[in-house]
Every structure is written in C-alpha cells, then in structure tokens.
Amino acid sequence: MIVKTEEDINGLKEIGRICAAIRDELVSKTVPGITTKELDEIAGVMFEKEGAVSAPKGEYDFPGYTCISVNEEVAHGIPGDRVIQEGDLVNIDVSGSKNGYFADTGISIVVGDGNEVLKNLCNTAKLAFEAGIKKAKPGSRITGLGKVVYQTARQRGFNVIMNLTGHGIGRTIHEEPEYIYNYYEPSDSGLLKDGMVIAFEPFISTDEEEVFEKGDGWTYITEQSFVAQYEHTMILTKNGPIITTL
C-alpha cells in the first residue's frame with residue numbers, strides 16, 4: 001500500500017494502536033502457568049471490544065486470534081493447552097484489521113529470569129530491527145534492510161532465518177513488496193517508496209538458517225535452534241518511518 005491521504009494515515013495508526021495494545025497485554029500476562037489458549041482468549045476479547053478483526057482468523061481461518069509460538073516453535077504457533085513455563089522463549093504475534101486497514105506486530109520474550117543467551121537473542125532481534133529502520137528511506141533498496149539485519153546478527157554471534165521475511169501491508173495483510181529479506185539478496189532490485197507501508201520483522205536464530213512446517217498446517221519450527229522475532233508495521237516517509245504499532 002502507498003499512503004495517499006490523511007484518512008489512510010489515521011486508519012493505519014488506529015489498527016496499529018489496537019494491535020500494539022493487544023501485544024503488550026499478552027506480554028504482561030505471559031507468566032508461568034498460563035496456557036497459550038488463555039492468552040489468545042484475552043486477545044479475542046480485546047479485538048471485539050475495539051471493533052477490530054484478527055487477521056489470521058479473518059483472512060486465513062487460523063485456529064486462533066493470535067499466533068503464539070513457544071521455544072522450538074518460531075512462527076504461526078496455534079494457541080492451545082501448552083502451559084507456559086519459567087524460562088520459555090515465547091513469541092507473541094498480533095495482526096488485525098479495522099475499517100479496511102491492517103497492522104502486524106510481534107515480539108519474542110523470555111519468561112521470568114530465563115537464560116542469558118535467550119535474553120541476548122531477543123535483544124539482538126530488537127537491535128537488528130533498529131539498524132534496519134535506519135535504512136528504511138524512500139529510494140533505498142529494500143534489501144538494504146536485510147543486509148544490516150544479517151550484519152547485526154553475525155556480529156553478536158547469531159544467524160538469521162532465511163525463509164521467513166517481512167512484507168508489504170496496508171489494505172490486506174500481505175501485499176507488495178512480497179519479501180523484505182533478513183539478509184542481503186542481490187537479485188532483489190526493488191526500491192522503497194514514499195508512503196509505502198511495510199511489516200519489517202527480523203528473525204534471529206541461535207544456529208539454524210531455515211524453519212520447516214511442523215505438520216499441523218501452520219506452525220514453523222526448527223530442529224534444535226531458538227529464534228527471536230521483533231516486528232512493527234511502519235509507513236515510510238522522507239522524514240523517517242512512522243511506526244504504527246509502537
């Protein structure tokens with residue numbers, strides 16, 4: 001989507017605010033003893049209260065309002081009876097729509113004290129995101145974001161997941177540009193444009209570079225690595241990105 005009007009900006013900010021509020025509420029409730037289904041039900045109530053619709057449920061008939069992934073699960077985890085434990089790595093991914101506008105946001109956290117490697121992993125995902133948005137300027141190559149994500153990961157002793165990427169967003173949950181890689185992809189000559197709306201989401205891994213589908217039709221997992229994600233939706237402008245999901 002290319003933003004053209006003040007109405008577009010306000011609509012994107014509104015659904016961004018809602019998704020951010022749900023994300024933050026779920027993060028605060030992610031404590032030992034709660035199930036991923038109980039967390040997801042909180043999101044369902046909040047979506048309804050705000051007059052918004054869960055994007056995975058509304059667009060893809062996903063069996064949950066949000067994607068909640070634990071430990072070996074990296075993305076699209078199905079909420080269920082899994083009980084959160086002290087030290088778990090949990091990813092909360094919230095996307096939704098309201099009045100025809102979409103937003104997508106996610107964050108990985110370590111429950112309780114956890115271990116320092118996982119905390120460092122989560123912090124690296126955030127640092128990689130912050131490095132990337134410095135390159136998020138109209139006229140710049142899209143793959144420039146991925147280049148600095150990869151550099152940040154490697155400098156801190158981690159890898160990136162190659163087969164999960166960011167994407168365009170706005171009037172639907174997935175739009176052009178189809179891929180915003182987390183590494184430098186020389187074949188991608190696409191340029192960022194003024195007013196373009198993107199969901200930028202580094203996936204940082206302790207080791208493996210690819211995920212695979214678990215067998216439930218949704219969940220992506222690794223064989224033995226932990227992966228942290230950090231994602232926001234943003235509107236690109238000449239004066240810097242407007243992050244709608246802060």
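Since the structure is predicted, the reported quantities are computational estimates derived from the model, not experimental observations.

**What to know about the pairing of strand β9 (residues 197-200)**
- Going residue by residue along β9, you find Val 197 and Ala 199 tucked away on one face and Ile 198 and Phe 200 tucked away on the opposite face as well.
- Judged from the 2 bridges that link them, strand β7 (residues 166-168) and β9 form a sheet pairing that is antiparallel. Residue pairing across strands places Gly 168 opposite Ile 198, the latter belonging to β9.
- In this structure, β9 lies alongside strand β13 (residues 227-235), joined through 4 bridges in antiparallel fashion. For Ala 199, the partnering residue across the bridge sits in β13 and is Thr 233.

**As for the packing of helix α4 (residues 116-133) against helix α5 (residues 143-155)**
- Direction vectors running N to C along α4 and α5 enclose 145°, while the axes themselves pass 8 Å from each other. Remark: the crossing between α4 and α5 carries right-handed chirality. Where α4 abuts α5, its residues Thr 124, Leu 127, Ala 128, Ala 131 and Gly 132 lie against Leu 145, Val 148, Val 149, Thr 152 and Ala 153.
- Taken together, the residues that form the contact of α4 with α5 break down as 7 nonpolar, 3 polar and no charged.

**Looking at the side chain of Thr 219**
- Note that Thr 219 resides in the loop between β11 (212-213) and β12 (220-221).
- In terms of polar contacts, Thr 219 uses its side chain to reach the backbone carbonyl oxygen of His 76, at 3.4 Å.
- Ignoring anything within four residues of it in the chain, the contact list for Thr 219 reads Glu 73, Ala 75, His 76, Gly 77, Ile 78, Phe 212, Glu 213 and Lys 214.

**Some words on the nonpolar core**
- Val 3, Leu 12, Ile 15, Ile 22, Leu 26, Val 90 and Val 197 are the most contacted members of the largest nonpolar core, which has 31 residues in total.
- Where this core is concerned, the elements lending two or more residues are α1 (6-29), α2 (36-50), β2 (67-70), β4 (89-98), β5 (101-110) and β9.
- The element contributing the most residues to this core is α1, with 7 residues.
- Dropping the residues within four chain positions of it, Val 3 is found in contact with Asp 8, Ile 9, Leu 12, Gly 195, Val 197 and Ile 235.
- The next biggest cluster of nonpolar side chains, apart from the first, holds 28 residues, and it includes Leu 89, Val 110, Ile 204 and Tyr 230.

**Observations concerning the sheet that holds strand β3 (residues 73-75)**
- The strand order across the open sheet built from 3 strands is β3-β12-β11, with neighbouring strands paired in antiparallel fashion. Of all strands in the sheet, those with a lone pairing partner are β3 and β11, marking the two edges.
- Here β11 pairs with β12 via 2 bridges, running antiparallel. Among the inter-strand pairings, Glu 213 is bridged to a residue of β12, identified as Tyr 220.

**Brief notes about the pairing of β13**
- The element β13 is largely enclosed, with a buried count of 9 among its 9 residues.
- Every second residue of β13 is oriented toward a common face, with Val 227, Gln 229, Glu 231, Thr 233 and Ile 235 on one face and Ala 228, Tyr 230, His 232 and Met 234 on the other, all of them buried.
- The pairing of β5 with β13 spans 2 bridges and is classified as antiparallel. Bridging across to β13, Ile 107 finds its partner in Tyr 230.
- Where β13 lies against strand β14 (residues 242-243), 2 bridges are found, and the strand directions are antiparallel. Within β14, the residue paired with Met 234 across the bridge is Ile 243.
- Hairpin connection, β13 to β14: the antiparallel pair is bridged by 6 residues, and Gly 240 has positive phi, about 110°.

Conventions we followed
Residues numbered from 1 in each chain as written. Predicted model: local features only at pLDDT ≥ 70, side-chain atom pairs only at ≥ 80, totals over all residues. Heavy atoms only, no water. Buried < 20%, exposed > 50% of the residue type's maximum accessible area, 1.4 Å probe, protein only. Helix = DSSP H or I, 4+ residues; strand = E, 2+ residues; numbered from the N terminus. Pairing = 2+ DSSP bridges. Axes fitted to C-alpha atoms, helices over the stretch in contact; angles between N-to-C directions. Left-handed = near helix turned anticlockwise from the far one by under 90°. Contact = heavy atoms within 4.5 Å. Nonpolar A, V, L, I, M, F, W, Y, C, P; charged D, E, K, R; others polar. Polar contact = N/O pair within 3.5 Å; in protein donor to acceptor, adjacent residues only side chain to side chain. Core = buried A, V, L, I, M, F, W, Y, C linked by side-chain atoms within 4.5 Å.

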